[in-house]
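Each chain is listed here by its residues.
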There are 2 protein chains.
Amino acid sequence: MKKYSRHEAREIINELLVEIFNRILAIEGQNLKDKGIKLSMSEVHVLEAIELSEEPIMSNIAKRLGITIGSLTTAINTLYQKGYVSRDRDAEDRRKVMVGLTTKAIEVLDEHDAFHKEMIDSIFEDLELEKDQLLIESLEKLSTYFKK
Amino acid sequence: MKKYSRHEAREIINELLVEIFNRILAIEGQNLKDKGIKLSMSEVHVLEAIELSEEPIMSNIAKRLGITIGSLTTAINTLYQKGYVSRDRDAEDRRKVMVGLTTKAIEVLDEHDAFHKEMIDSIFEDLELEKDQLLIESLEKLSTYFKK
DNA sequence: TTCAAATTGTTTGAACTTCAAAACATATTC
DNA sequence: GAATATGTTTTGAAGTTCAAACAATTTGAA
């Protein structure tokens, strides 16, 4: 393994992150295609954001995704048409729209998660990556940093 | 620092990668905007791919970017219009189109690199990340794995 | 040599993603 | 109840990408 100087290290880490990220995304996208699921990765991300939102209203979901509410509306429009989400005005505050996942969406997300887990596991087995703990600690520091 | 089981570790690493990646991209995009540069991040990526290609012909650049040649053609069209790239048929093999960077493009890339380096450096200083070497080794293994 | 196959790139049409701004709907405040 | 605040949708425009059809050039086998 080549020894990197601290300076080279800083420069190279981002390149590696970008590369790895793009590969994972591409593989997951291909997997959806292979399974005949007519959803793009960004649509899956919307479904995931709905699943993870404490209060799944438009503004919360958009914030989690880092897109405008307007963009989310168009995304939700097509997901609704395709039968992946429900939409209901909140009874308490009728300005809010509660977005929900249909059974169909939950099935896709479960399948997707299973594939993802399998992929990650097989990678780690193949690589015999010993440094999980350190890798995570470093990544978490980075992630926390960027959240501010 | 929370201690993760090996299994949790595998699941969480991807989430962190995604998060970090998106943040960096957003920050860099904002920086371009702030500087009044009328280029999207994907256009900058095209310029970077040109810079890094040994033989900067359409197919090589597209391959490096992971997009089709047709998609790259449209990207190069607008970059050419905006004055960031040159296009010349290869004299040896006239099927090939040699793509080059203009002075304008090189200036943008230099600025972008400087910003990126500064950002990464300041992050590492703030974090006092001790595990650069290990982090890189792990990421490189992942990256290499995904390249196959 | 010569022409069919392979390589390299462009064009076209369509789908998707996103944004900003304007319009609309509902709720709160004073 | 008018003004303000909050939440969402609509609209119009721009950017990214792909697949398929097309064009130009090179290569290789008969």
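Preceding this section is the structure that the text describes.
These remarks concern the structure in this document.

What counts, and at which threshold
Residues numbered from 1 in each chain as written. Chains lettered and ligands numbered in written order. Predicted model: local features only at pLDDT ≥ 70, side-chain atom pairs only at ≥ 80, totals over all residues. Heavy atoms only, no water. Helix = DSSP H or I, 4+ residues; strand = E, 2+ residues; numbered from the N terminus. Contact = heavy atoms within 4.5 Å. Phe/Tyr/Trp six-rings, centres within 6.5 Å; stacked < 30°, edge-to-face > 60°. Lys NZ or Arg CZ within 6 Å of the ring centre and 35° of its normal. Near = heavy atom within 4 Å. Polar contact = N/O pair within 3.5 Å; in protein donor to acceptor, adjacent residues only side chain to side chain. Nonpolar A, V, L, I, M, F, W, Y, C, P; charged D, E, K, R; others polar. Patch = residues over 30% accessible without salt bridge, like charges linked within 9 Å, V, L, I, M, F, W, Y side chains within 5 Å. Areas by Shrake-Rupley, 256 points an atom, 1.4 Å probe, with all protein chains shown as cover. Salt bridge = Lys/Arg side-chain N within 4 Å of Asp/Glu carboxyl O. Lys, Arg positive; Asp, Glu negative; His and termini not counted. Charge placed at Lys NZ, Arg CZ, Asp CG, Glu CD. Buried < 20%, exposed > 50% of the residue type's maximum accessible area, 1.4 Å probe, protein only. Arc of directions from axis to C-beta. Expected span 1.5 Å × (residues − 1).

### Overview of the side chain of Ser-53 of chain A
Structurally, Ser-53 of chain A is set in the loop between helix 2 (41–52) and helix 3 (58–65). Discounting chain neighbours no more than four positions away, the residues touching Ser-53 of chain A are Asn-60, Ile-61 and Arg-64 of chain A.

### A word on the packing of aromatic side chains
One pass over the full model with this rule turns up 0 aromatic pairs over all chains. If you follow Lys-104 of chain A out to its NZ or CZ, it ends over the ring of Tyr-84 of chain A, 4.7 Å from the centre.

### Brief notes about the protein's contact with DNA strand D
Surrounding DNA strand D, one finds 24 residues, the nearest of these being Ser-59 and Val-97 of chain A together with Ser-40, Ser-42 and Ser-71 of chain B. In DNA strand D, the atoms that sit within 4 Å of the protein are 79% sugar and phosphate, with bases accounting for the remainder. A distance of 3.4 Å is found between a phosphate oxygen of DNA strand D and a backbone nitrogen or oxygen belonging to Met-58 of chain A. A total of 4 residues in the surface near DNA strand D trace back to one element, the largest contributor, which is helix 4 (residues 69–81) of chain A. Classifying every residue of the surface near DNA strand D gives 5 nonpolar, 10 polar and 9 charged.

### Comments concerning the protein's contact with DNA strand C
Near DNA strand C there are 23 residues, and of these Ser-40, Ser-42, Ser-71 and Arg-94 of chain A together with Ser-59 of chain B occur at the shortest range. Among atoms of DNA strand C positioned within 4 Å of the protein, sugar and phosphate together represent 79%. At a separation of 2.7 Å, a phosphate oxygen of DNA strand C approaches a polar backbone atom of Arg-94 of chain A. In this structure, Thr-73 of chain B approaches DNA strand C through a side-chain N or O atom, which is 2.9 Å from a phosphate oxygen. Elements represented by at least two residues in the surface near DNA strand C include exactly helix 2 and helix 4 of chain A together with helix 3 (58–65) and helix 4 (69–81) of chain B. It is helix 4 of chain B that contributes the most residues to the surface near DNA strand C, 4 residues altogether. Its residues assigned to classes, the surface near DNA strand C comprises 5 nonpolar, 10 polar and 8 charged.

### Considerations on a negative patch on the surface
Residues and elements named next belong to chain A. A cluster of acidic residues, Glu-51, Glu-107, Asp-110 and Asp-113, forms a negative patch on the protein surface. The greatest single-element share of the negative patch, amounting to 3 residues, is contributed by helix 5 (residues 103–127). Take Glu-51: it is sitting in helix 2. The exposure class assigned to Glu-51 is partly exposed, which follows from its relative accessible area of 40%.

### Section: helix 3 of chain B
Residues and elements named next belong to chain B. If you check which residues of helix 3 are buried, you get Met-58, Ile-61 and Ala-62. Down the axis of helix 3, the sector holding all buried residues measures 100°, keeping them to one side. Lining the buried residues of helix 3 we find helix 2 (41–52), helix 4 and strand 2 (97–101). Gly-66, located one to two residues past helix 3, shows a positive phi value of around 75°.

### Thoughts on helix 4 of chain B
All names here are of chain B. Along its 13 residues, helix 4 runs 18 Å from first to last C-alpha, staying within 8% of the 18 Å computed at 1.5 Å per residue. By the burial criterion, the buried members of helix 4 are Leu-72, Ile-76 and Leu-79. Axial view of helix 4: buried residues confined to an arc of 60°, hence all on one face. At the C-terminal side of helix 4, Gly-83 shows a positive phi close to 85°.

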